[in-house]
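Below, each chain spelled out in residue letters.
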Amino acid sequence: MKNNMKVLALGLLLAAGFPACDKKKNPETATATEQPAAPAANVTVPAFNADSAYQFVAKQVAFGPRVPNTPAHRACGDYLISTLKGYGANVLVQPFTAKAYNGTTLELRNIMAQYNPAANKRILLAAHWDTRHLADKDPANPTKPIDGANDGASGVAVLLEIARQLQANPLAQNLGVDLMLFDGEDYGQPDNAGEYIPDTWCLGSQYWGKNLMPKGYTAHYGILLDMVGAKGARFAQEETSRTYAGDVVEKVWRTANQIGYSDYFPFQESPGITDDHTYVIQHANIRMIDIVAYDPTSPDGFFGPYHHRHTDNMDIIDRNTLKAVGQTVLHVVMHEQ
Ligand code: AHN
Ligand code: ZN
């Protein structure tokens, strides 16, 4: 406790004394270890590698659309499991079936990669790895599935890069990190004038919340990453996140601003949305925030002009966005130890 206060005081002092410090650093070209804006004793935050994260997006997209019940979905799931095992994680797989809105029985898998599985203090990081079966917002080919480079692959890619970093830079013994890849997030009922049914979405987090793996699982808090790779993305403070985990929202946004990503993390509020964090909060009783590109005031649509369209492909993925999110989350996590 005493130590934390000292760290905080030091951080405030440095922030006040050298306000321009962060601006000089170009985060994209930084390859050495990061110089934290508010350094805590004994914590070195490794540099999140945006090129590596970008390759993880491309790799997933190359499987084809990861639509449940397709060979691409199965192959990508196998790839995610073996990649996370390769990065030294304790990998748990939760296979299950869920009935979709249209009556289809979906074969799904939630995948959890644990670092320091025995530690009591745990941080849960999550994303969804499936992609939407329809381009229902696209005037062209609305029944064909989308690449989901942003909606799906981007969040998973950031988590894969964090896994790679955690293998190379092990956490202190008192801290555990769990990377959760939810399945079946995006198989929800198409939205026809007032027919939005929240519970048809987020099938993986709904199942996991009611059937925790490991049994009795809990975490200090959670961070969900959804659509975190598009060029020019802005992450506002979503209402459900603020309501249930306001201190986590503050911590994440303050960190992002301190380390140079104020363009991506404005101190701006947005209304609540239904996403995987909703069910983690509701069923698993874990405080979780959602870092999601969502702007209800945008003329391009709430989730951007490419959302659930065929333009959600590699062309809109920007390493700078992946870097801003990945470095911020890595910084926050490493400072929990
Ligand atoms: C809906 O649009 C229902 N929820 C936002 C969650 C979402 C959909 N994330 C990606 N696709
Ligand atoms: Zn989606």
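Use the structure listed above.
All values reported here derive from a predicted model rather than from experimental measurement.

Undergrad: Help me understand the site of ligand 1 in this model?
TA: For ligand 1, the set of nearby residues contains 13 residues, the closest of which are Asp151, Glu185, Asp186, Asp226 and Thr274. Within the contact set of ligand 1, a nitrogen atom lies 3.4 Å away from a side-chain nitrogen or oxygen of histidine 308. Here ligand 1 loses 94% of its free accessible area of 310 Å² to cover by the protein chains. Residue composition of the shell around ligand 1, by class: four nonpolar, four polar and five charged.

Undergrad: What is the right way to read the pairing of strand β1 (residues 90-99) from this model?
TA: Within a regular beta strand, the side chains point alternately toward one face of the sheet and then the other, so they alternate between its two faces. Summarising the sheet, β1 and strand β2 (residues 105-115) pair through 10 bridges and their orientation is antiparallel. By the bridge assignment, leucine 92 is partnered in β2 with methionine 112.

Undergrad: Can you help me understand the packing of helix α7 (residues 239-258) against helix α9 (residues 319-334) in this one?
TA: Angle between the axes and distance between the axes are the two parameters that describe a pair of packed helices. Following both chains from N to C, one finds α7 and α9 inclined at 120 degrees, their axes separated by 9 Å at the closest point. Judged by the angle between their axes, α7 and α9 are oblique. Considering how the two elements wind past one another, α7 and α9 form a crossing that is right-handed. Contacts between α7 and α9 involve Lys251, Val252, Thr255 and Ala256 on the former and, on the latter, Thr328, His331 and Val332. A breakdown of the residues in the contact of α7 with α9 according to their chemical character gives three nonpolar, three polar and one charged.

Undergrad: Any chance you could explain the pattern of salt bridges here in plain terms?
TA: Where charged atoms from two side chains of opposite charge come close, those side chains can pair. With the rule as written, the count across this model stands at nine salt bridges. In this structure, arginine 122 engages aspartate 178 in a salt bridge whose closest nitrogen and oxygen atoms are separated by 2.7 Å. Taken together, the residues span a long stretch of sequence, with arginine 122 in strand β3 (residues 121-128) and aspartate 178 in strand β4 (residues 175-182) at a distance of 56 residues. Between arginine 164 and glutamate 161 there is a salt bridge; the shortest N-O distance is 2.7 Å.

Undergrad: Please clarify how the coordination of the zinc ion (ligand 2) should be interpreted in this entry.
TA: Reference geometry at the metal: tetrahedral coordination by four donors gives ideal angles of 109.5 degrees; octahedral coordination by six donors gives 90 or 180 degrees. Donor atoms from the polypeptide that coordinate the zinc ion (ligand 2) comprise Asp151 (OD), Asp186 (OD), Asp186 (OD) and His308 (NE2), at 1.9 to 2.4 Å from the metal. Mapped onto the sequence, the residues coordinating the zinc ion (ligand 2) show the spacing D-x34-D-x121-H. Of this pair, aspartate 151 sits in helix α5 (residues 149-168) while histidine 308 sits in the loop between β8 (288-292) and α9, and the two are 157 residues apart along the sequence. A single burial state applies to aspartate 151 and to histidine 308, both of which are buried.

Cut-offs applied
- Residues numbered from 1 in each chain as written.
- Chains lettered and ligands numbered in written order.
- Predicted model: local features only at pLDDT ≥ 70, side-chain atom pairs only at ≥ 80, totals over all residues.
- Heavy atoms only, no water.
- Near = heavy atom within 4 Å.
- Polar contact = N/O pair within 3.5 Å; in protein donor to acceptor, adjacent residues only side chain to side chain.
- Areas by Shrake-Rupley, 256 points an atom, 1.4 Å probe, with all protein chains shown as cover.
- Nonpolar A, V, L, I, M, F, W, Y, C, P; charged D, E, K, R; others polar.
- Pairing = 2+ DSSP bridges.
- Helix = DSSP H or I, 4+ residues; strand = E, 2+ residues; numbered from the N terminus.
- Axes fitted to C-alpha atoms, helices over the stretch in contact; angles between N-to-C directions.
- Parallel < 35°, antiparallel > 145°, perpendicular 65-115°, else oblique.
- Left-handed = near helix turned anticlockwise from the far one by under 90°.
- Contact = heavy atoms within 4.5 Å.
- Salt bridge = Lys/Arg side-chain N within 4 Å of Asp/Glu carboxyl O.
- Donors = N, O, S within 2.8 Å, 3.2 Å for Na, K, Ca; no water.
- Buried < 20%, exposed > 50% of the residue type's maximum accessible area, 1.4 Å probe, protein only.

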